[in-house]
Amino acid sequence: MSHRIVVVGHGMVGHRFLADLAAHRLEGTRTTVLGDEPHPAYNRILLPDVLLGRSDLAGLTLPETPGVRLLRGRRAATIDRLRGVVVDSTGEEHPFDTLVLALGADPVFPTVDGVVGADGNPLPGVAALRTWDDAHRVRSAAEEGARVVVMGGGVLGVEAAVALAAAGSEVTVVHRGSTPLDRQFDADSGAVVRAGLADLGITTLVDVRVSGVERRRDGTLASVRLTDERHIPADLLLVAIGVRPRTRLAEEADLGVRNGILVNDSCRTDDPAIYAIGDCARTPRGCSGLVGPGWEQARVLAHHLAERISGRSRPRPVLGADGGVFRVKAEGLEAVTMGEFPDDEFTPGAARVLSLTDPAGRRRVRLAVADGLLVGATCVGDPQVAADLTVAFDSRTPVPDDPAALLARPLAGASAPASVVDLPETAVVCRCNAVTKSAITAAVAAGADTAEAVANATRASTGCGSCTSDVCRLVSALGEAGGSRSLDRVTVA
Amino acid sequence: MTATHCPYCALQCAMEVAPTGTRGATPTITPLEFPTNRGRLCQKGWTAAEVLTTPDRLTSPLIRRDDELVPTDWDTALSFVADTLLRLRADHGPESVAVFGGGGLTNEKAYQLGRFARVALATPNIDYNGRFCMSSAAAGGRRAFGLDRGLPFPLTDLDGADAIVLVGSNPAETMPPFVTHLAGTQEGGGLIVVDPRRTPTAALTSDGRGLHLSPLPGTDLVLLLGLTQILWTEGLVDRDYLAERASGVDELRASMAAWWPERVERVTGVPVADIRRAARLLAAASPARGGRGAYVLTGRGAEQHAHGTDTVTAAVNLALCLGLPGRVGSGYGCLTGQGNGQGGREHGLKADQLPGYRSISDPAARAHVAEVWGIDPDSLPGPGLPAVALFESLATPGGPRAMLVHGANPVVSLPDVLRLTERLGALDLLVVSDFVLSETAAMADVVLPVTQWAEETGTMTNLEGRLLLRAQATEPPVGVRTELEVWSDLAERLGSPIPFSPDPAVVFDELARASAGGVADYSGFSHARLRDGEALYWPCPAPDHPGTPRVFLDRFATPDGRAVLHPVDQAPPDDALTPELPLYLVTGRVLQHYQSGAQTRRVPALADVEPEAYVELHPLLAGRLGIGAGDRVAVHSRRGSCEAVARLTEGIRLDTVFMPFHYPDAGAVNRVTNAATDPISGMPELKVAAVRLEAIRGAA
């Protein structure tokens, strides 16, 4: 009899699990997937591109895994653990030998009046940004010139704010902390981010919350009210204050749940036939809320199941060192943070913490180095340094003796190259033919008074030709110095 | 005075060779006006004649006696070789003999060597060093277009492009006159160079002339996925072109969604802003958006990986999404390395191919070639092993016990070279034909002294798929023979069922017939047409056919005429970084040397500039390791160690070091490289290895 796998959830992690499992080419398994959205699996990460009008659903769609029974637009209603069956929203039963929960998370809405209805869904003029339908709704509400209040200055809020501003909306971010991105970034970095947002035309209000909304007679949104009694005129309130793991299904099935479905390192719940991965799961290391760790869980689980079902050991997946890298995806606002910083920067022998603060240059870099490795970094406003730090962090490559060198790109090519006239005599002028300046000087002294004559005498400039102008300059300078006639022909055979 | 072409790279610069009149004196060389080199030469070309008169030129066969190579006469040498081969064949079957060829051999020699292996030796075991050079590009090109011609357009077409992206290619060092074809693009700021190092080619992008992207070694594939993804999300794909000329569009598009720019940045270390800039620059240059044209070109940096074919495919997919291939003024191409790397891969040196770029497993191809050769198709062997697997099988139970080497120096060029050289040393018989005592020849049981470029006539197919005549320009030294003569003689001694002509023109005419109807159809070519100065590109199916400067203009060489978009995904380097091996080593070439250096290391003007192996590293890395400029450094990998002199440069990533591969012995970087191979092309991972560096204390 074949092994029946039921996957509930077809988001980025559920989808990745199916692909990883398929790569193991197991014999005799039957996989059924329930996805609550009516769409094919898509890349949630790229939803801000939809706000920019840059992408449609097809551009976000992920490849379908062949050989899988995919049921779209169906929620799982209940799990009957005794019978080993999932019942879906249409009443169809799906018996399983292994059940994988990849339920994801729901956006959190504030508990103030006028934001969500009795059913928990947002009221008109209010939206989150979690699903394709959300993005579509925001996109149609935030037309050119629309006034949008983004509630929450975390990563998603900042990304959405930048995308909406770029698409022509007038955007205000309302953040309860004192700097944006303060869950991941220190205050100085956050201040630079805030200034960077202002450069993009986005107002960030800090240390303040949304206390309610005002609506017009027809029910449309008029303004957003803050706890300091200010009113911000708004056509749309975009809520980005966090997500909550979807756990109801697990709770009703009496699985262990505490801010997420509790699983062990193999992603197994307290029922040996049931696993949970992605945003709905809480591993011994917690919930990351990032796709990277979710994908690692998918890979680990696919490997674990492949071994269990086939009864044969398989090559262990190589896991990336996903230490958690937060990268703000917003064109014109570069910000990334990774790893951890020590609590006390003054303890000798602990991690060394260095920083560079350049508020007017909209730049701030901070990093922590321990045992010759980068263990934490935050970078705002320097794309190249950010990319370098991310790779050094992920691949654990050793850092220079003085980590200060990592704060800015080494100065290669920063100073203008010296003119060929000022180079030492030993310098190579023509790389293709390894002709030194002294050889050219000698040729000129021997009577070669044009670049062509120098080329004939030394072969300088007869290869790729990039040095032709240098040879001309040199002949001319040497000629003037020697009082002979200056260069008139510059062509080379 | 004879007009001919340079003995080195696939640019095949035109030059005139003028003997001085005194036998043994070095002829003079003058560059000639020609579309590829435009009257220019690099230092290798200018000094190429010095190899003809190198003092250690071999002029007599050598045979091993009491562990020493001693001079002997041709008859003794050839009868020893023939007798030993016949005995091995009788005792262990024809598969007990293997042949290893080279991409520097003329078309005539490449063709004849394949014929010699399959008929005179009756062995399937033939492959060539192009496996380490062009195999991934070839496999990628064939998978997408059904045909692999390095540049499917004349090189001069590049001159008018608005944008060119060079992925893992360093022509300013490897083929300097090529750079003149980038000038127009540089002027408009459209040159994009992808290389972990700031090579002389990457430096051509400075001062606003373009963009240098410097990815972590082994991540070119991901960068290409990222560029393509941006085209899709920003609506820059040429959809009309794809609808008309490509298949697999939906699958390709779906595979892109997982590679958003920030994820690509994290893997490659290339900032998102730079990736976007490059993608937009290419798109603006594409014909669909009103540009003057764009090109995607790959080199060994992208291809010499255990997933090189997929990297090439990612580059092809990028070009197709931009609507470039098969359009005048745009396209995809790979820059062939060796002088006849293109012709060599078309006419039977490859383990699985027959002349005309035909599959040796295809019954129709076998029947055609067997008829031209006058043999029974059933007597033709099947496919042999690709190079790395072939070397691994030497002197193992059931594996070959003898090997003939022509136009190659594997003791320097093989990956994981110490292990594979051990296999070579375990053979019953190693026969090497060369004009100097290369490192491989020094290991041989018999060394046969043969002619070189200017001393023999033959044709070469350059990087554009253009056929060139390299006419004999000088008299060879007394005592040496051409390889065609060697095979003619050996075939007779081996009792070959068919004769082997020593005359290159006769061999070429047969090659032309054998290639007729194949993918690389040379049947309309002849030495006479080349002498008349015609510019001839394959395919050329008839004597009155003008040849094909641009393939794919009407259709691709696939069954339905459409290019195939084949989705590919990330694959990390085979060698993972660890705390013990925390750096990536990349390998490559320097301007003064060619391939294993057997020729160029013998030219004093070249050897004076680049005398020994060096390792290039960033001063900050050097400082941490206590290494100073000029120090001797040991480089260790999982395979072994080599030694080199430290050169410090800020033009390299902090996590990466570089070594050129032209040097033997302790300086051979291939002692540390990885023999893991690409599953499709058999290309070894020569480009990237995990290493650690260590200063050698007390060294002079």
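Parameters and conventions
Residues numbered from 1 in each chain as written. Chains lettered and ligands numbered in written order. Predicted model: local features only at pLDDT ≥ 70, side-chain atom pairs only at ≥ 80, totals over all residues. Heavy atoms only, no water. UniProt positions renumbered as here; feature names shortened; annotations may be inferred. Helix = DSSP H or I, 4+ residues; strand = E, 2+ residues; numbered from the N terminus. Buried < 20%, exposed > 50% of the residue type's maximum accessible area, 1.4 Å probe, protein only. Contact = heavy atoms within 4.5 Å. Areas by Shrake-Rupley, 256 points an atom, 1.4 Å probe, with all protein chains shown as cover. Lys, Arg positive; Asp, Glu negative; His and termini not counted. Charge placed at Lys NZ, Arg CZ, Asp CG, Glu CD. Buried area = accessible area lost by both parts, 1.4 Å probe. Salt bridge = Lys/Arg side-chain N within 4 Å of Asp/Glu carboxyl O. Nonpolar A, V, L, I, M, F, W, Y, C, P; charged D, E, K, R; others polar. Domains from an automatic or database assignment. Pairing = 2+ DSSP bridges. Axes fitted to C-alpha atoms, helices over the stretch in contact; angles between N-to-C directions. Phe/Tyr/Trp six-rings, centres within 6.5 Å; stacked < 30°, edge-to-face > 60°. Lys NZ or Arg CZ within 6 Å of the ring centre and 35° of its normal. Core = buried A, V, L, I, M, F, W, Y, C linked by side-chain atoms within 4.5 Å. pLDDT = per-residue confidence, 0-100. Expected span 1.5 Å × (residues − 1). Polar contact = N/O pair within 3.5 Å; in protein donor to acceptor, adjacent residues only side chain to side chain.

- An unreviewed UniProt entry lists chain B under the name Nitrite reductase, from Tessaracoccus flavus.

- If you open the UniProt record of chain A and go to Pathway (unreviewed entry), you find "Nitrogen metabolism; nitrate reduction (assimilation)."

### Topic: the overall build of chain A
Line of reasoning, step 1. If you tally the helices and strands in chain A, you get twelve helices and 27 strands.
Line of reasoning, step 2. Counting all 493 residues of chain A, 50% fall into the buried class.
Line of reasoning, step 3. Partitioning the intrachain contacts of chain A with sequence separation of at least 6 by distance along the chain shows that 59% fall at a separation of at least 24.
Line of reasoning, step 4. Total accessible area on chain A stands at roughly 22,100 Å², and carbon and sulfur atoms take up 49% of it.
Line of reasoning, step 5. With 52 positive and 61 negative side-chain charges, chain A shows a separation of 4 Å between the mean positions of the two kinds.

### Looking at the interface of chain B and chain A
Line of reasoning, step 1. Across the contact, 52 residues belong to chain B and 56 residues belong to chain A.
Line of reasoning, step 2. Both faces combined, the contact of chain B with chain A buries some 4,200 Å², and carbon together with sulfur accounts for 56% of it.
Line of reasoning, step 3. For R280(B), the salt bridge identified is with E331(A), shortest N-O distance 2.9 Å.
Line of reasoning, step 4. Going through the elements one at a time, helix 1 (43-46), helix 5 (171-174), helix 8 (220-233), helix 10 (249-256), helix 11 (261-268), helix 12 (272-285) and helix 24 (619-625) of chain B are the ones with two or more residues in the side of chain B that touches chain A.
Line of reasoning, step 5. For the side of chain B that touches chain A, the leading source of residues is helix 11 of chain B, giving six residues.
Line of reasoning, step 6. Grouping the amino acids of the side of chain B that touches chain A by side-chain chemistry returns 25 nonpolar, twelve polar and 15 charged.

### What to know about the pattern of salt bridges
Residues and elements named next belong to chain B.
Line of reasoning, step 1. For the structure on display, the rule yields 65 salt bridges over all chains.
Line of reasoning, step 2. Two residues, R280 and E234, come together in a salt bridge whose shortest N-O distance is 2.8 Å. Placement of the pair is R280 in helix 12 and E234 in the loop between helix 8 and helix 9 (239-245), with a sequence separation of 46 residues.
Line of reasoning, step 3. Measuring nitrogen to oxygen at the nearest pair gives 2.9 Å for the salt bridge that ties D655 to R653.

### Some points on the domain arrangement of chain B
Often, the extent of an interface is quoted as the loss of accessible area upon association of its parts.
Residue and element names in this part refer to chain B.
Line of reasoning, step 1. Segmenting chain B into domains produces domain 1 (2-51), domain 2 (62-130 + 340-537), domain 3 (135-334) and domain 4 (583-695).
Line of reasoning, step 2. Computed over C-alpha atoms, the centres of domain 2 and domain 4 are 30 Å apart.
Line of reasoning, step 3. Between domain 2 and domain 4, the residue contacts involve 15 residues of the former and 19 residues of the latter.
Line of reasoning, step 4. Looking at the side of domain 2 facing domain 4, the largest losses of area belong to V412, P415 and D416, adding up to 33% of the total buried there.
Line of reasoning, step 5. Linking domain 2 to domain 4 there are one salt bridge.

### Thoughts on the pairing of strand 26 (residues 641-648) of chain B
Along a regular strand, successive side chains alternate from one face of the sheet to the other.
Residues and elements named next belong to chain B.
Line of reasoning, step 1. In this structure, strand 24 (residues 614-617) lies alongside strand 26, joined through four bridges in parallel fashion. Counterpart to Y614 in the pairing with strand 26 is V645.
Line of reasoning, step 2. With five bridges connecting them, strand 25 (residues 632-636) and strand 26 associate as antiparallel partners. Along strand 26, the bridge assignment pairs V633 with A644.
Line of reasoning, step 3. Taking the residues that link successive antiparallel strands as the turn, the strand 25-strand 26 hairpin has four residues.

### Considerations on the pairing of strand 13 (residues 210-215) of chain A
All names here are of chain A.
Line of reasoning, step 1. Taken together, the five bridges between strand 13 and strand 14 (residues 221-226) define a ladder with antiparallel strand orientation. Bridge assignment links R215 to a residue of strand 14, and that residue is L221.
Line of reasoning, step 2. Remark: five residues form the turn of the hairpin made by strand 13 and strand 14, two consecutive strands paired antiparallel; G219 in that turn has positive phi of roughly 90°.

### A closer look at the domain arrangement of chain A
Line of reasoning, step 1. Domain boundaries assigned for chain A yield domain 1 (3-106 + 244-310), domain 2 (126-241), domain 3 (334-406) and domain 4 (420-482).
Line of reasoning, step 2. Computed over C-alpha atoms only, the centres of domain 2 of chain A and domain 4 of chain A are separated by 62 Å.

### Considerations on the sheet that holds strand 4 (residues 62-65) of chain B
Residues and elements named next belong to chain B.
Line of reasoning, step 1. Pairing is mixed across the open sheet formed by seven strands, whose spatial order is 5-4-18-17-16-6-7. Each end of this open sheet is capped by a strand with a single partner; those strands are strand 5 (68-71) and strand 7 (126-128). Across the sheet, the mean angle separating the axes of adjacent strands is 20° when strand polarity is ignored.
Line of reasoning, step 2. When strand 6 (residues 97-101) meets strand 7, the two strands line up parallel, connected through three bridges.

### Describing the packing of aromatic side chains
Line of reasoning, step 1. The tally for this structure, following the rule as stated, stands at 14 aromatic pairs over all chains.
Line of reasoning, step 2. A centroid spacing of 5.2 Å and a plane angle of 55° characterise the contact between Y8(B) and Y594(B), whose relative ring orientation is tilted. With Y8(B) in the loop between strand 1 (2-5) and strand 2 (14-18) and Y594(B) in the loop between strand 23 (583-588) and helix 23 (604-609), this residue pair connects regions lying 586 residues apart in the sequence. Across this residue pair, the class does not change: Y8(B) and Y594(B) are buried.
Line of reasoning, step 3. Between the aromatic rings of F145(B) and F552(B), the centroid separation amounts to 5.1 Å while the plane-to-plane angle is 35°, which identifies the pairing as tilted. Within this pair, whereas F145(B) is found in helix 4 (residues 135-145), its partner F552(B) is found in the loop between strand 21 (536-537) and strand 22 (563-564), the two being separated by 407 residues in sequence. Of the two residues examined, F145(B) and F552(B), each falls in the buried class.
Line of reasoning, step 4. A network of ring pairs unites the aromatic residues F145(B), Y332(B), F552(B) and F556(B) as a single cluster.
Line of reasoning, step 5. Cation over ring: R366(A) sits above F341(A), and NZ or CZ is 4.1 Å from the ring centre.
Line of reasoning, step 6. Above the face of the F658(B) ring, R197(B) is positioned so that its terminal group lies 3.4 Å from the ring centre.

### Observations concerning the nonpolar core
All names here are of chain B.
Line of reasoning, step 1. With 124 residues, the main nonpolar core has L85, F116, F145, L231, L242, Y332 and W373 as its most contacted residues.
Line of reasoning, step 2. The leading source of residues in this core is helix 8, at nine residues.
Line of reasoning, step 3. Both domain 2 (62-130 + 340-537) and domain 3 (135-334) contribute no fewer than three residues apiece to this core.

### Some details on the confidence of the model for chain A
Line of reasoning, step 1. Here chain A averages 90 in pLDDT, and 94% of its residues register 70 or above.
Line of reasoning, step 2. At the level of individual helices and strands, chain A shows its lowest average pLDDT in helix 3 (residues 57-60) of chain A, which scores 82, and its highest in strand 12 (residues 203-205) of chain A, which scores 98.

### Looking at the side chain of N125(B)
Residue and element names in this part refer to chain B.
Line of reasoning, step 1. You can see N125 is positioned in the loop between helix 3 (107-120) and strand 7.
Line of reasoning, step 2. Residue class for N125 comes out buried when judged on its relative accessible area of 8%.
Line of reasoning, step 3. Dropping the residues within four chain positions of it, N125 is found in contact with E95, V97, A98, V99, G384, L385, L390 and P400.

### Comments concerning helix 8 (residues 291-310) of chain A
Line of reasoning, step 1. With 20 residues, helix 8 of chain A ought to run about 28 Å at 1.5 Å a step, and its terminal C-alpha atoms sit 28 Å apart, in line with that.
Line of reasoning, step 2. At the C-terminal side of helix 8 of chain A, G311(A) shows a positive phi close to 70°.

### With respect to the side chain of H636(B)
All names here are of chain B.
Line of reasoning, step 1. Note that H636 resides in strand 25.
Line of reasoning, step 2. At a separation of 2.6 Å, a polar atom in the side chain of H636 contacts the side chain of E694.
Line of reasoning, step 3. The residues contacting H636, other than those within four sequence positions of it, are L581, S641, A690, V691, R692 and E694.

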